[in-house]
Amino acid sequence: MENKNLRFVFLTILALVWGSSFILIKRGLTGLTPFQLGSLRMVFAGLFLLLIGFNSLKQIQLRHWKYLALTACFGTFVPVYLFSYAQMEISSTISAILNSLTPLNTLLLGILLFKIDFQRRQIYGVFFGLLGSALLILNGATTHPDQNYSYAVLLILASVCYALNVNFINRYLSDLSPLSITTGNFVVMLLPAFAVLFYSGFFEAVQVEKTQDVLVYIAILGIVGTALANILFYKLIKISSPVFASSVTYLIPVVAFFGD
């Protein structure tokens, strides 16, 4: 299949997976704190990636590691906690809609910081996507006036983190395979995530039945919604562009809507 067609297949799969992730986060928060959920999500993803991608680490050279650390931080570590906290007060749908600021931030940061080339149609596409997102946010605010929209700041910050991540990968890690990038990211994050999980009181809370009931949601979230989805996303960046890849966030709210 040609890259032009394959990128739309990847985009659709990612929309389904990441849209479902917002639903799984909401389910997980019924038995876990945001720090526990975010850390456990990364631990599940990291252990899975070490099983399937350990050999891919051989591709990584010393010069890559500083950028892998940056993409680990901006692409997963910080946003995971931001989204977990925000969804304590904001619905899955609104969270997913606010996440759709990512293409705009990707384009703006790419132009300002990374000097990427862009086409006029990309600007039009981002503008219309942003307009649609704004209308959905207004509708959501009307439908759910009881939500605490001050938490939206966390989601906007997360979208900036994702935009930095996409541009870093496109500029500095394009010579690595998607599996190498993803596994390298989680090698960097695994110990910090486990440390946060330990100090969050998870190992005391896990004895409670309510906590045990949500572990399967977080396992799916970590393995499918984080590890496998990131591999596919980095592949999408390689065969398209940072702005096109980040446009998946325009489709995610459609899936997340069914979780509210």
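Residues numbered from 1 in each chain as written. Predicted model: local features only at pLDDT ≥ 70, side-chain atom pairs only at ≥ 80, totals over all residues. Heavy atoms only, no water.

Here S95 shows up in helix α4 (residues 92-99). According to the relative accessible area criterion, S95 is buried, its value standing at 0%. A distance of 3.0 Å separates the side chain of S95 from the backbone oxygen of S91, its partner in a polar contact. (Helix = DSSP H or I, 4+ residues; strand = E, 2+ residues; numbered from the N terminus. Buried < 20%, exposed > 50% of the residue type's maximum accessible area, 1.4 Å probe, protein only. Polar contact = N/O pair within 3.5 Å; in protein donor to acceptor, adjacent residues only side chain to side chain.)

With that settled, the discussion passes to the nonpolar core. Counting 39 residues, the largest nonpolar core has L14, F233, L236 and V248 as the members making the most contacts within it. For this core, the elements supplying multiple residues, two or more each, are α1 (3-28), α3 (65-86), α4, α7 (152-172), α10 (209-239), α11 (242-246) and α12 (252-256). Ignoring sequence-local partners within four residues, the contact set of L236 consists of R7, F10, L11, L14, S241, F244 and A245. If you look at the next biggest cluster of nonpolar residues, it comprises 24 residues, including A193, F202, I218 and L221. (Core = buried A, V, L, I, M, F, W, Y, C linked by side-chain atoms within 4.5 Å. Contact = heavy atoms within 4.5 Å.)

What follows covers the packing of helix α2 (residues 34-53) against helix α8 (residues 178-199). Put simply, α2 and α8 touch, their axes get as near as 8 Å, and they point 140° apart. Between α2 and α8, the angle falls in the class oblique. Remark: the crossing between α2 and α8 carries left-handed chirality. Classifying every residue of the contact of α2 with α8 by side-chain character gives 18 nonpolar, six polar and no charged. (Axes fitted to C-alpha atoms, helices over the stretch in contact; angles between N-to-C directions. Parallel < 35°, antiparallel > 145°, perpendicular 65-115°, else oblique. Left-handed = near helix turned anticlockwise from the far one by under 90°. Nonpolar A, V, L, I, M, F, W, Y, C, P; charged D, E, K, R; others polar.)

With their axes 8 Å apart at the nearest point, α8 and α10 run at an angle of 135° to one another. Put simply, α8 runs oblique to α10. At the point where α8 passes α10, the crossing takes the right-handed sense. Contacts between α8 and α10 involve P178, L179, I181, T182, N185 and F186 on the former and, on the latter, T226, A227, N230, I231, Y234, K235 and K238. Across the contact of α8 with α10, the residue classes break down as seven nonpolar, four polar and two charged.

Quick look at a nonpolar patch on the surface now. Together, L51, I52, V216, Y217, I220, V224 and L228 line one region of the surface with nonpolar side chains, adding up to about 610 Å² of accessible area. In terms of residues, the nonpolar patch owes the most to one element, α10, which gives five residues. Along the polypeptide, V216 turns up in helix α10. (Patch = residues over 30% accessible without salt bridge, like charges linked within 9 Å, V, L, I, M, F, W, Y side chains within 5 Å. Areas by Shrake-Rupley, 256 points an atom, 1.4 Å probe, with all protein chains shown as cover. Salt bridge = Lys/Arg side-chain N within 4 Å of Asp/Glu carboxyl O.)

Applying the stated criterion to the full structure yields zero disulfides. Here C73 is not cross-linked by a disulfide; its sulfur's nearest cysteine counterpart is in C161, at 6.8 Å. Judged by its relative accessible area of 30%, C73 falls in the partly exposed class. Owing to a relative accessible area of 6%, C161 belongs among the buried residues under this scheme. (Disulfide = S-S within 2.5 Å.)

Before going further, it helps to examine the packing of aromatic side chains. This model, assessed by the stated rule, comprises 15 aromatic pairs. Each ring, one from F22 and one from F83, has its centre 5.4 Å from the other, and the planes form 75°; the classification is edge-to-face. Here F83 lies in helix α3 and F22 lies in helix α1, a separation of 61 residues in the sequence. Each member of the pair, F22 as well as F83, carries the same accessibility label: buried. With 5.3 Å between their ring centres and 85° between their planes, F77 and Y81 make a pair best called edge-to-face. (Phe/Tyr/Trp six-rings, centres within 6.5 Å; stacked < 30°, edge-to-face > 60°.)

Moving on, we get to the pattern of salt bridges. Opposite charge on two side chains permits pairing when their charged atoms draw close. Scanning the model with the defined rule gives one salt bridge in all. Across the pair D175 and R63 runs a salt bridge, and its minimum N-O distance is 2.9 Å. One end of the pair, D175, is in the loop between α7 and α8; the other, R63, is in the loop between α2 and α3, with 112 residues separating them in the sequence. With a relative accessible area of 46%, R63 lands in the partly exposed category.

Here we come to the environment of F114. For F114, the position within the fold is in the loop between α5 (102-112) and α6 (120-143). Taking the C-alpha atoms as reference, F114 lies 7.6 Å from R171; in sequence the two are 57 residues apart. With residues near it in sequence (within four places) discarded, F114 still touches L109, L164, N167, F168, R171 and Y172.

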